[in-house]
Amino acid sequence: MTAAIPQTRTTAPNRSPARSMGARERIMATARRLFYTRGINATGIDLVIAEAGVAKGSMYHHFGNKQALVVAYLQQEEAAWKAASESRDDPRANATERLRIFFDGISVDVLAGTFHGCPFMNAAIERPDDPGVSQVIAHYREALASHIAQLLGEDGSSTVVHKVMVLYDGAKTSAKMTRDPALVELAAEMACEVVHEHGAAR
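### Concerning helix α2 (residues 45-52)
Of all the residues in α2, the buried ones are Ile45, Val48, Ile49 and Ala52. One face of α2 carries all of its buried residues, which in axial projection span an arc of 95°. Of the exposed residues in α2, the ones pointing more than 90 degrees away from its buried face are Asp46 and Ala50. Phi turns positive one or two residues past the end of α2, at Gly53, with a value near 70°.

Next up, the structure:
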């Protein structure tokens, strides 16, 4: 049985940042929303500045250029993903139950209509030659492997962890293309089968 899905958001908010926030926070909140929903390359700095309600000088004071803002956006996405994944987890559950809960986090956003793909996959496609982006993505991949390893009680370099990572990536890609949470559940089932097979082979 699929575990209950706590209603925890992992993606960018879809409303404009409050004017009570500081300039840097407004810029980040706006960039996070626009980069995730519209795309990084489709979002110009002028649009971020206008929707954040800040002066252009303030933008460049805090971030310097768009590349720095994109890197900061991805770092915030990783922090939010990690916090949400850890808050949903139930350490008392067994490995496959914890895995289902982890995959169900994707379904939450699909069902809410707020899922626009994996921000790190999106960035890798849009900015393949950006070393700052590549560095953040690599850090996220390490964090993903570490989190899955913790769920399974495995070493982060083990084959079963890498197999589950591939299925998690596939679940996010399928969710973006189809908006169908059933495919996320199917990927979770496959991941659980991989874990069972790994345990039986020991």
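On we go from here.
### Focus: the packing of aromatic side chains
On inspection of all chains with the given rule, the structure shows 7 aromatic pairs. For the ring pair Trp81 and Phe102, a centre distance of 6.3 Å and an interplane angle of 70° mean the geometry is edge-to-face. Of the two residues, Trp81 is situated in helix α4 (residues 66-88) and Phe102 in helix α5 (residues 95-112); the sequence distance between them amounts to 21 residues. We note that Trp81, like Phe102, is buried. Ring centres of Phe120 and Tyr140 lie 4.0 Å apart, and the angle between their planes is 10°; on these two criteria the pair is classed as stacked. Taken together, the residues span a long stretch of sequence, with Phe120 in helix α6 (residues 119-126) and Tyr140 in helix α7 (residues 131-152) at a distance of 20 residues. Residue classification places Phe120 among the buried residues on the basis of a relative accessible area of 3%. These aromatic residues form a ring-pair network of at least three members: Trp81, Phe102, Phe103, Phe120, Tyr140 and Tyr168.

The rules behind each value
Residues numbered from 1 in each chain as written. Predicted model: local features only at pLDDT ≥ 70, side-chain atom pairs only at ≥ 80, totals over all residues. Heavy atoms only, no water. Buried < 20%, exposed > 50% of the residue type's maximum accessible area, 1.4 Å probe, protein only. Helix = DSSP H or I, 4+ residues; strand = E, 2+ residues; numbered from the N terminus. Arc of directions from axis to C-beta. Phe/Tyr/Trp six-rings, centres within 6.5 Å; stacked < 30°, edge-to-face > 60°.

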